[in-house]
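# Structural characterization, general
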Amino acid sequence: MNPFKPVKTAVIGCGMISDIYLTNMTGRYNALEVVGCSDIKPERSAAKAEKYGIRQMTNEEIWNDPEIEIVVNLTYHTSHYEVSKKSMLAGKNVYSEKMMAVELWEGEDLIKTAKDMGVYYCGGPDTYLGAGLQTARQIYDSGMLGTAVAANIALVRGYHHERYRTDPERRFAFCPGGGIIFDMGCYYLMGLISLLGPAKRVCGFSQIREPDSRRYMHPANPEYGKVMPIETTNNLAGTIEFANGTLCNILTSSESIGFNSYMLFGTEGQMDMGDPNNYGDIPVVSTKASRGIQMPLTHAYTDNSRGLGVCDLAYALRNGREPRCSGERAYHMFEIAHGIMQSCETNEIYQMKSTCTRPEPFKPGCTEYPEMAMDI
Ligand SMILES: NC(=O)c1ccc[n+]([C@@H]2O[C@H](COP(=O)([O-])OP(=O)(O)OC[C@H]3O[C@@H](n4cnc5c(N)ncnc54)[C@H](O)[C@@H]3O)[C@@H](O)[C@H]2O)c1
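Residues numbered from 1 in each chain as written. Predicted model: local features only at pLDDT ≥ 70, side-chain atom pairs only at ≥ 80, totals over all residues.

### Notes on the overall build of the protein
- Per the secondary structure count, the protein includes 10 helices and 15 strands.
- Radius of gyration (C-alpha) of the protein: 20 Å, near the 21 Å computed for a compact globule of 376 residues.
- In the protein, which comprises 376 residues, the share counted as buried stands at 51%. (Helix = DSSP H or I, 4+ residues; strand = E, 2+ residues; numbered from the N terminus. Rg over C-alpha atoms; globule rule 2.2 N^0.38 Å. Buried ≥ 20, exposed ≤ 12 C-beta atoms within 10 Å, placed from the backbone.)

Here it is as structure tokens:
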């Protein structure tokens, strides 16, 4: 008999990423019981409801169902604030995909709303809970790299495929609150927060290069053939000073072809952490003694484990502890990205106002019963 009462959960937003969430949350994470899903495009929620054997619902039906404890917000980033806020006002705990909102004040308001309502707001990404970055955390905490002195993020991708989408509202790559620093930079920033803790101050330079160079390319898109305007920075170089003294360069560009580098440099060694958008990239460590050691993964969740942060929230709710993907951390990461953007506009260094703690690492091992890594 399972003494743990699974947490009734519903998904709002049935687009591209909902499939892997629903696959994992219905088939893999025992802590969750997915009840239903909704979308402003009802044909999308109908298709997912049928595929995963759950109820097709409206947003309002989800908010009004007293049994549902968690809402997973998988809408566009431009809908995140409204959907997360209404869900919390209805008494639901929220796990939202990145970014938490568009404007910084909206993020702040979501944290306040969670406090006022006595619910949890949690924010993605959760890839740093995967085997790759949990192993990296264990390596760093073991002292093998010495004291961290610097980190380097080089994140370059073209977003060329985004021109071929059918949905004109799907503009996260190019509209305010989106763009590569927010959309993809978040994986790298959250991974560094997990390793190094909070940031103290940030700055940057940015550009919008060739803002009219892309067109909608899919004939089924109502905007087909028209310019797909680029309204936010697509080429940015920033710097972050972490509170522990580590200095980090961050380059994000969506104006070239794909490349990524994610490095941590310590007094005794350095670690290449692969692509933090993945759950199971193997950390490669070089020390004074030897170079390029592929470190064995010490933790569970090596494959696409999206929904892991939701599962952790479910255990947090039942066990009376803080969820790892806490609103405090999601907001701090959001403020780092906003702070860099603000510095680009003002030519001034941005002093961080929020802070956060490092999340509790998962227990190593537990590969046979991976949910044991959380704290049951
Ligand atoms: N696609 C990916 O590879 C990926 C990976 C990781 C995270 N994410 C994040 O997940 C979120 C969703 O991404 P996606 O790629 O699935 O986007 P998508 O555009 O494919 O789907 C979003 C869905 O949300 C629905 N929606 C929008 N506003 C709504 C509202 N108010 N109420 C109900 N439904 C609403 C839309 O109709 C759409 O079906 C984004 O925050 C994105 O950053 C996406």
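### As for the domain arrangement of the protein
- Under the domain assignment used here, the protein contains domain 1 (7-127 + 305-373) and domain 2 (138-294).
- Each of domain 1 and domain 2 has a C-alpha centre, and the two are 21 Å apart.
- Facing 29 residues of domain 1, the contacting portion of domain 2 comprises 34 residues.
- Among the secondary structure elements, those contributing two or more residues to the side of domain 1 that touches domain 2 are helix 4 (77-89), helix 10 (327-346) and strand 15 (350-351).
- No other element matches the 10 residues that helix 10 contributes to the side of domain 1 that touches domain 2.
- Across the side of domain 1 that touches domain 2, the residue classes break down as 17 nonpolar, nine polar and three charged. (Domains from an automatic or database assignment. Contact = placed C-beta atoms within 7 Å. Nonpolar A, V, L, I, M, F, W, Y, C, P; charged D, E, K, R; others polar.)

### Concerning the site of the ligand
- Among the 25 residues in the neighbourhood of the ligand, the closest are listed as Gly 13, Gly 15, Met 16, Ser 79 and Glu 97.
- Among the elements that make up the shell around the ligand, the one with the highest residue count is helix 4 (three residues).
- Residues lining the shell around the ligand come from more than one domain, with at least three contributed by each of domain 1 (7-127 + 305-373) and domain 2 (138-294). (Near = placed C-beta within 6 Å.)

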